[in-house]
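# Architecture and fold: a report
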Amino acid sequence: MQYASKITGIGSHFPQRVMTNQDLARELAAKGIETNDEWIVERTGIRERRISEPGNPKETNSSLALVAATRALEMAGKTVDDIDQILFATCSPDSLVPTSACWLQTKLGAKRAWALDINAACSGFVYGLAIADTFIRTGQVKTSLVIGSEVLNPMVNWDDRGSCILFGDGSGAAIVERTEAANPRRILSTHLHTDGSLWEVLYVPAGGSARPLTAELIEQKANTMHMKGKEIFKVAVKTLTDFAVTALETNGLTIKDLDWFVPHQANLRIIEAVAKRLDFPMDKVLVNIDRHGNTSAATVPTALDEAVRAGKVKPGQTVLMDVFGAGLTYGAVLARW
Ligand code: ACO
């Protein structure tokens, strides 16, 4: 093929409110639920997370994404008029109709762009990159804005200490542009997979068309995430490892050729277990779960943004993004920055 795609800009943004483990423990204690900072840090690596303020128009999903997208555009040296396509990965859209992508398009004023949401839960940003890469390589799109962004707060069961400790809100954005196929600095390969039979390890029982919400279902918190943490943990370690190996082997590379590993940030212990299996040093793994928790589709672009702006990720380096999410969905993107 004549074309390839390349990430030329990246940005992120978070809500203002910081909720530390101590804050969360206090809130749960008021409801008679016990947890503590030590347990959360030891079992998850999370110390704090950002939580959107419900009803604050600056902290809706698309409003957070607006800031992240503006930062990514600035880094890429592009304007809103350059955007052909907006792919908004989220499982917590502003509204089901219209999509967050539509809200973002109008807030940006990106009049030339067509826009759609992608829901692959935590894997969404990587799915978005893969779709953008395909459109760009076939010549249909020149410049794509890929968002991974979540306001999970309303979907969290704040009475379930086994899951509410994990999640946070935030937004990441990337500008993906057409480049020559021969450019060494490009997306090298994309890998996606889904196993819908594992839906039960993380799902929201009601609120979709199959089970519309009633007052009783809301009372039962059937509109919040139900999670089997231990089951996810095991699958996550295996699939993140397998996808990393597949992505490297596809490109004739080994783990020694990798400069940065950017895994989905669901639990620091999952990340450490994968790094160990891959025999990859933790100081080359991008981690922001300590400060942000699991922001689902936003974990990879926000971690990357922080590292790029800190001057860690440099031009020409090889970066592996590797994710899993509810569905279950899995994916990886290998890129030369
Ligand atoms: N504070 C104190 N104690 C707690 C808490 C808490 N917040 N939560 C659970 N416990 C207790 C349990 O009740 C249990 O007590 P018991 O032994 O008396 O029964 C004990 O701690 C151990 O609980 P486990 O559930 O076995 O703890 P585990 O080490 O498995 O950690 C966790 C739980 C953190 C949820 C972990 O399993 C995990 O992170 N799994 C992955 C989840 C994940 O990735 N979710 C994101 C999916 S979305 C996405 O990104 C795809």
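This one's a predicted model, so the numbers in the text were calculated from it and none came from an experiment. (Residues numbered from 1 in each chain as written. Predicted model: local features only at pLDDT ≥ 70, side-chain atom pairs only at ≥ 80, totals over all residues. Heavy atoms only, no water.)

What follows covers the sheet that holds strand β8 (residues 187–194). Here we have 4 strands laid out as an open sheet, ordered β8-β13-β12-β11, and mixed in their pairing. Edge positions in the open sheet fall to β8 and β11 (260–263), since each of these has one partner strand only. Averaged over all pairs of adjacent strands, the angle between their axes in this sheet comes to 10°, without regard to strand direction. In the sheet, β8 pairs with strand β13 (residues 329–336) via 7 bridges, with the strands oriented antiparallel. Opposite Thr190, over in β13, you have Val333 as the bridge partner. Across the sheet, helix α7 (residues 229–250) is in contact with β8, β11, β12 (318–325) and β13; its angle to β12 comes to roughly 145°. (Pairing = 2+ DSSP bridges. Helix = DSSP H or I, 4+ residues; strand = E, 2+ residues; numbered from the N terminus. Axes fitted to C-alpha atoms, helices over the stretch in contact; angles between N-to-C directions. Contact = heavy atoms within 4.5 Å.)

In this section: the domain arrangement of the protein chain. Parsing the protein chain into structural domains produces domain 1 (3–180) and domain 2 (187–336). Placing a centre on the C-alpha atoms of domain 1 and another on those of domain 2 gives a separation of 14 Å. In this complex, domain 1 contributes 51 residues to the contact, which on the side of domain 2 involves 44 residues. The junction of domain 1 with domain 2 conceals about 3,800 Å² of combined surface from both sides, 65% of it contributed by carbon and sulfur atoms. Put simply, domain 1 and domain 2 have 1 salt bridge between them. Of the charged contacts in the structure, one is a salt bridge between Asp159 and Lys221, with a shortest N-O distance of 3.8 Å. There are 22 residue pairs in polar contact (both at pLDDT 80 or more) connecting domain 1 and domain 2. When residues in the side of domain 1 that touches domain 2 are grouped by element, the largest group, 7 residues, is from helix α5 (residues 124–137). (Domains from an automatic or database assignment. Buried area = accessible area lost by both parts, 1.4 Å probe. Salt bridge = Lys/Arg side-chain N within 4 Å of Asp/Glu carboxyl O. Polar contact = N/O pair within 3.5 Å; in protein donor to acceptor, adjacent residues only side chain to side chain.)

Right, let's talk about the layout of surface pockets for a bit. Volume-wise, the largest pocket comes out at about 960 Å³. For the largest pocket, the lining is made up of 39 residues, of which Cys91, Ser92, Pro93, Asn119 and Met155 are closest to its centre. Considering only residue class, the lining of the largest pocket consists of 20 nonpolar, 15 polar and 4 charged. A volume near 490 Å³ is recorded for the second largest pocket. Lining the second largest pocket are 25 residues, and of these Met227, Gly229, Lys230, Phe233 and Asn267 sit closest to its centre. Among the elements that line the lining of the second largest pocket, the one with the most residues is α7, at 5 residues. Looking at the lining of the second largest pocket residue by residue, the classes come out as 14 nonpolar, 7 polar and 4 charged. Looking at which domains feed residues into the lining of the second largest pocket, each of domain 1 (3–180) and domain 2 (187–336) supplies at least three. (1 Å grid on protein atoms, 1.4 Å probe; cavity = no way out; pocket = protein on both sides within 12 Å on 5 of 7 lines; lining within 4 Å. Points joined across faces, edges and corners; volume = space filled by probe spheres on them. Nonpolar A, V, L, I, M, F, W, Y, C, P; charged D, E, K, R; others polar.)

So, about the site of the ligand. Taken together, 25 residues lie around the ligand, and Thr35, Cys122, Lys230, His264 and Asn267 are the ones closest in. One of the side-chain N or O atoms of Lys230 is found 2.6 Å from an oxygen atom in the ligand. Within the residue set of the shell around the ligand, elements represented by two or more residues are α2 (37–44), α7, α8 (268–278) and β12. With 4 residues, α7 is the largest single contributor of residues to the shell around the ligand. (Near = heavy atom within 4 Å.)

With that settled, the discussion passes to unusual backbone geometry. The omega angle of the peptide bond from Val97 to Pro98 is -5°, so this bond is cis rather than trans. Residue placement: Pro98 occurs in the loop between β4 (85–89) and α4 (100–108). Positive phi, normally seen in glycine, also occurs at Asp279, with a value near 60°. Of note, Asp279 is situated in the loop between α8 and α9 (289–292). Relative accessible area serves as the criterion here: at 62%, Asp279 is assigned to the exposed category. (Buried < 20%, exposed > 50% of the residue type's maximum accessible area, 1.4 Å probe, protein only.)

With that out of the way, let us pick up the packing of helix α3 (residues 61–76) against α4. One can describe the packing of α3 onto α4 by two numbers: an axis separation of 9 Å at closest approach and a directional angle of 55°. Classified by the interaxial angle, the pair formed by α3 and α4 is oblique. Regarding α3 and α4, the two cross each other, and that crossing is right-handed. Between α3 and α4, the residues in contact are Asn61, Ser62, Ser63, Ala65, Leu66, Ala69, Thr70 and Leu73 and Ser100, Trp103, Leu104, Lys107 and Leu108, respectively. (Parallel < 35°, antiparallel > 145°, perpendicular 65-115°, else oblique. Left-handed = near helix turned anticlockwise from the far one by under 90°.)

Here the focus is the pattern of salt bridges. Taken as a whole, this structure holds 12 salt bridges when the rule is applied. Put simply, Arg137 and Asp133 hold a salt bridge, and the shortest N to O gap is 2.9 Å. Placement of the pair is Arg137 and Asp133 together in helix α5, with a separation of 4 residues, close to one helical turn. Classification of Arg137 by relative accessible area gives partly exposed; the value is 28%. Each of Lys31, Asp159 and Lys221 takes part in one network of salt bridges that share partners.

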